[in-house]
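# A structural walkthrough
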Amino acid sequence: MAKRIVTAAVTGGIHTPTMSPYLPLTPEQIANDAIKAHKAGAAVVHIHARDPQTGKPCADMAVYGEIFDRIRSVCDPVLCATTGGAIGMPVAERIKVVPAHHPELASFNAGSVNFGLFDIPEKMKVDEWRFDWEKTYLYATKDLVYTNTFSSLEEFARLFTESGTKPEAEIFDSGMINNLVYLLQRGLLKKPLYLQFVMGILGGIPATIENVMFLAQTAQRAFGNDFQWSVCAAGRFQMSMCVAALLMGGHVRVGLEDSLLIDRGVMAKSSAEQVEKIVRIMGELGFEPATPNEAREILGLPLH
């Protein structure tokens, strides 16, 4: 059976504690959700840190270290750290995890984007908040650009190389593929690239099958066949876009970072539930989840 990489993004920096009682917030909760997702079939676990007291996304290196240590003490998935961090987090804070912890993979946001979260409270009919920071955090995105300038892209690329970390290039819109071409031409990135098409964010490319095809074809024109790609999609588009990616030769990402649901109107109790669902669908389509070492081989990472 054809192997496909499943990534689980277990907490992220988009959803807030009020939105779901199942969103992991503490290092122990985040690590446990990652471990369960791995056991369900995820070869890669994508890690954000949160303040254990308030659940607010943070860039605390001790929190990252505890999460990584807890996961490594139980299993050996590919650890992918965020350098996106949270909306509004200073660029210098976002990148710290790479030189501090040398993860095998880390997200590499490939350009600036309007990243709107301000519409979520109305959609979810939230009027009471568990923590004071949540409402301000979300509504502030109406007047905020998620900044990834060429200067910061160049600096991030250098730090990734120095730290031995492979970039997972997050593509929120097609122009970001051109940014990667520029970095390749400057010798700051090396093939094979690994692209994550992030779809359905307000301000980014809509989550449609036509757009999955467009991004994959645009990347192939830019990089030939010397790249791997995956799809993650926001909210209700999560599973349908992942299925489209599988049928087109791509890999998939699920998890509570991207969607709080397991089915229409039904909260997912963990990222592992979403992994189990996509793995079942994969099996019915003739695909098999890659093991961590198979994922490392596909992505050109050192085997463990």
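This section reports on the structure supplied with the text. (Residues numbered from 1 in each chain as written. Predicted model: local features only at pLDDT ≥ 70, side-chain atom pairs only at ≥ 80, totals over all residues. Heavy atoms only, no water.)

### Looking at the overall build of the protein
Spelled out, the test is: Secondary structure elements follow DSSP: runs of H or I of four or more residues count as helices, runs of E of two or more count as strands, with numbering from the N terminus. Based on C-alpha atoms, the radius of gyration is set beside the globule rule, defined as 2.2 Å times the residue count to the power 0.38. Each residue's exposure class comes from its accessible area (1.4 Å probe, protein chains only) as a fraction of the maximum for that residue type: buried when under 20%, exposed when over 50%, partly exposed otherwise. When charges are counted, Lys and Arg are positive and Asp and Glu negative, with His and the chain ends excluded. All charge positions are set by atom: Lys at NZ, Arg at CZ, Asp at CG, Glu at CD.
Tallying secondary structure elements over the protein gives 12 helices and 16 strands in all. Against the compact-globule benchmark of 19 Å for 304 residues, the protein has a radius of gyration of 18 Å, which places it among compact chains. Dimensions along the principal axes, computed over C-alpha positions, put the protein at roughly 50 × 45 × 40 Å. Residues counted as buried form 58% of the 304 residues belonging to the protein. Here the protein carries 28 positive and 33 negative side-chain charges, and the mean point of each set is 3 Å from the other.

### Things to note about helix H7 (residues 150-163)
Here is the rule we go by: By this rule the span expected of a helix is its residue count minus one, scaled by 1.5 Å. Only heavy atoms enter the contact rule, under which two residues are in contact if any of them lie within 4.5 Å.
With 14 residues, H7 extends 20 Å from end C-alpha to end C-alpha; this agrees with the ideal 20 Å at 1.5 Å per step. Looking only at H7, the buried set comprises Ser152, Leu153, Glu154, Phe156, Ala157, Leu159, Phe160 and Ser163. Buried residues in H7 make contact with helix H3 (91-95), helix H4 (97-101), strand E7 (105-109), strand E10 (166-171) and helix H8 (175-185). Two residues or fewer after H7 comes Gly164, characterised by a positive phi angle close to 70°.

### Details of the pattern of salt bridges
The following threshold applies: Here, a salt bridge means any side-chain nitrogen of Lys or Arg that lies within 4 Å of a carboxyl oxygen of Asp or Glu.
Per the counting criterion, the structure on display carries 13 salt bridges. With a closest N to O distance of 2.8 Å, Lys3 and Glu288 form a salt bridge. A residue pair is termed long-range when its members are at least 10 positions apart, and Lys3 in strand E1 (residues 2-4) and Glu288 in strand E16 (residues 287-289) qualify at 285 residues. In this structure, Arg280 and Glu284 form a salt bridge, with 3.4 Å as the shortest nitrogen-oxygen distance. Of this pair, Arg280 and Glu284 are both found in helix H11 (residues 271-285), 4 residues apart, which corresponds to roughly one turn of the helix. Looking at Glu284, the relative accessible area reads 61%, which means it is exposed.

That's the geometry; what it means functionally is another story.
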